[in-house]
Amino acid sequence: MADATVRPESRWHRALATTPRHLFVPRWWTPAEQDGTWVYELCDGAGDPAAWMSSAYDHSLSVITRVGPHHADHATPAAVVPEAWPTSSATLPKLVVKMYQHAFLTDDSRLLVTCGSGYGTALACRRLSDEQVTSVDVDPYLIQAARDRLAAAGHRPRLEVCDVTAALPGIYDRIVSTVSVPAIPASWLTALAPGGRMVTALSGTGLLIVADKTADGGATGRVAPEPAEFMSTRHGDDYPLAPDNADLWATARKADGESVTTGRYPLMRVSRTWDVRSTLELTVPGIEHRMETASDGTRTAYMLHPDGSWARATASGARQVPTVHQGGPRRLWDELDRIRTWLVIDGDLPVAGAAVRIDPDGACHLSRSGWSATIGAQ
């Protein structure tokens, strides 16, 4: 796994090669289809050692250990839970290391990381020392389980139950968050030492932010060239229940709407693109996307926004332009087509490589080539 993740001369090679990742994922959840619906099935390493080692040492796999409020450690044998948002995992090693490389750790760095399974914390301890690493999580059980597993791997860093968006338990040279945040917490800027660096992802986007603290208490940096996605921060046992928007989905499926047009481009799965999706999220935050494919190959994409806006686009095939129905206060599909036109004309979108400026209150300003967006503290 180490050889597949970094070059042999990398300072992370030894950490990857000597950290027993399987200790941190003795049981895990894997997605599966059952009777036409998606669920998560429990996998038990002790019962299937081959699958355990294969999953644990796949450098490109995030191993899901908690779905909604259901931790794999506590599940009954052969348990199955309905599809829900994952709430903890052992992040894929390749991405964890990339986050640490962006953080540019030095031998004396005081590091705060988010905990989850504890695997990323173990890598940091291998690279630095236990005394330099603080790991936090909002879930007391995750902290206790990580403490036990880190000890089994020979590490005893500082572990704290802590909401990472609230006050942090110290001053740090580096903050690396492998959970995404809807906005940069002002508490991070308070906890960063002068010249310190933060590395995190923005929720709902594929944007990885790398920024250094400035003398005014803010920070400046950039959007990293590679996309990154993580589970979003939560503040309790699970994410809040989604609003009941069944009536609006029913409207989106059947209504003609106030606008019926022909789209400019064939349908795309917005959720699988990082640049288009990120730009759309910054422009109109909170859109939910779905796509259906009928037995005759007809594809229909839906967009729904909490303000009551909706769009439905239907095309007879993958290369055909769709008929678009839209309703509500905003024309969501028009926003998507505008962004895709931007991409066609310029060859990329300004979120790629955008400059980042973060105010002391956490407001995050992104800008490039005359484009700008602000997240948080408005």
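Now for a quick tour of the structure. Counting from 1, residues in each chain are numbered in the order their sequence is written. Whole-chain, interface and lining totals are the exception, using all residues; otherwise, since this is a predicted model, local features are given only for residues with pLDDT of at least 70 and side-chain atom pairs are given and counted only at 80 or more. Side-chain metrics rest on all non-hydrogen atoms present in the structure, leaving aside hydrogens and water.

1. Regarding the packing of aromatic side chains
Two rings from Phe, Tyr or Trp (for Trp, the six-membered ring) form a pair when their centres sit within 6.5 Å of each other. Planes less than 30 degrees apart are called stacked, planes more than 60 degrees apart edge-to-face, and all others tilted. Applying the stated criterion to the full structure yields 3 aromatic pairs. Pairing Trp12 with Tyr100 gives two aromatic rings, centres 5.0 Å apart and planes at 15 degrees, and the pair type is stacked. Of this pair, Trp12 sits in the loop between α1 (2-5) and α2 (13-18) while Tyr100 sits in helix α4 (residues 93-103), and the two are 88 residues apart along the sequence. Where Phe24 meets Tyr119, the ring centres are 6.3 Å apart and the plane angle is 65 degrees; that geometry is what we call edge-to-face. In this pair, Phe24 is assigned in the loop between α2 and β1 (27-34) and Tyr119 in helix α5 (residues 119-127), connecting sequence segments 95 residues apart. Tyr119 shares its class with Phe24; the two are buried. In DSSP terms, a helix is any run of H or I states spanning at least four residues, a strand is any run of E spanning at least two, and both are numbered starting from the N terminus. Relative accessibility decides the category of a residue: with a 1.4 Å probe and only protein chains considered, values under 20% of the type maximum give buried, values over 50% give exposed, and everything between is partly exposed.

2. What about the pattern of salt bridges?
When charged atoms on two side chains of opposite charge get close, those side chains can pair. We define a salt bridge as a contact between a side-chain nitrogen of Lys or Arg and a carboxyl oxygen of Asp or Glu at a distance within 4 Å. If you walk through the whole model with that rule in mind, you get 19 salt bridges. When the shortest N-O distance is used, the salt bridge between Arg149 and Asp73 registers 2.7 Å. On the criterion of sequence distance, the pair formed by Arg149 in helix α6 (residues 140-152) and Asp73 in the loop between β4 (70-71) and β5 (80-82) is long-range, its members being 76 residues apart. For Asp173, the salt bridge goes to Arg110, with nearest N and O atoms at 2.9 Å. Highlighted residues: Asp173 in strand β10 (residues 172-176) and Arg110 in the loop between α4 and β7 (111-114), separated in sequence by 63 residues. Take Arg110: its relative accessible area is 37%, and that puts it in the partly exposed class. Where salt bridges share partners, they join Arg66, Asp139, Arg234 and Asp237 into one cluster.

3. Focus: the nonpolar core
The nonpolar core is taken to be a set of buried Ala, Val, Leu, Ile, Met, Phe, Trp, Tyr and Cys residues, with the residues joined through side-chain atoms within 4.5 Å. Membership of the largest hydrophobic core comes to 49 residues, with the highest contact counts inside it found for Leu168, Ile175, Met198, Trp333, Ile358 and Leu366. Examining the composition of this core, we find that 4 residues originate from one element, helix α10 (residues 332-346), more than from any other. Residues are treated as being in contact if the distance between any of their heavy atoms lies within 4.5 Å. Not counting residues up to four positions away in its chain, the partners in contact with Ile175 are Leu112, Leu168, Trp188, Ala191, Leu192, Arg197, Met198 and Val199. Counting 44 residues, the second-largest nonpolar core is a separate cluster that includes Leu92, Leu111, Ala122 and Leu123.

4. Considerations on the packing of α4 against α5
Axis separation between α4 and α5 bottoms out at 11 Å; the angle between their running directions is 50 degrees. As judged from the angle between their axes, α4 and α5 are oblique. Handedness of the α4/α5 crossing: right-handed. The segment α4 lies against α5, with Pro93, Val96, Val97 and Tyr100 engaging Tyr119, Gly120, Thr121, Leu123 and Ala124. Grouping the amino acids of the contact of α4 with α5 by side-chain chemistry returns 7 nonpolar, 2 polar and no charged. Lines are fitted to the C-alpha atoms to define the axes, a helix being fitted only along its stretch in contact, and any angle between axes, read from their N-to-C directions, falls within 0 to 180 degrees. Angle categories are assigned with fixed cut-offs, so that under 35 degrees is roughly parallel, over 145 is roughly antiparallel, 65 to 115 is roughly perpendicular, and the rest are oblique. By convention the crossing between two helices is left-handed if the near helix lies anticlockwise of the far one by an angle smaller than a right angle, and right-handed if it lies clockwise. Any residue that is not Ala, Val, Leu, Ile, Met, Phe, Trp, Tyr, Cys, Pro, Asp, Glu, Lys or Arg is counted as polar, Gly included; the first ten are nonpolar and the last four charged.

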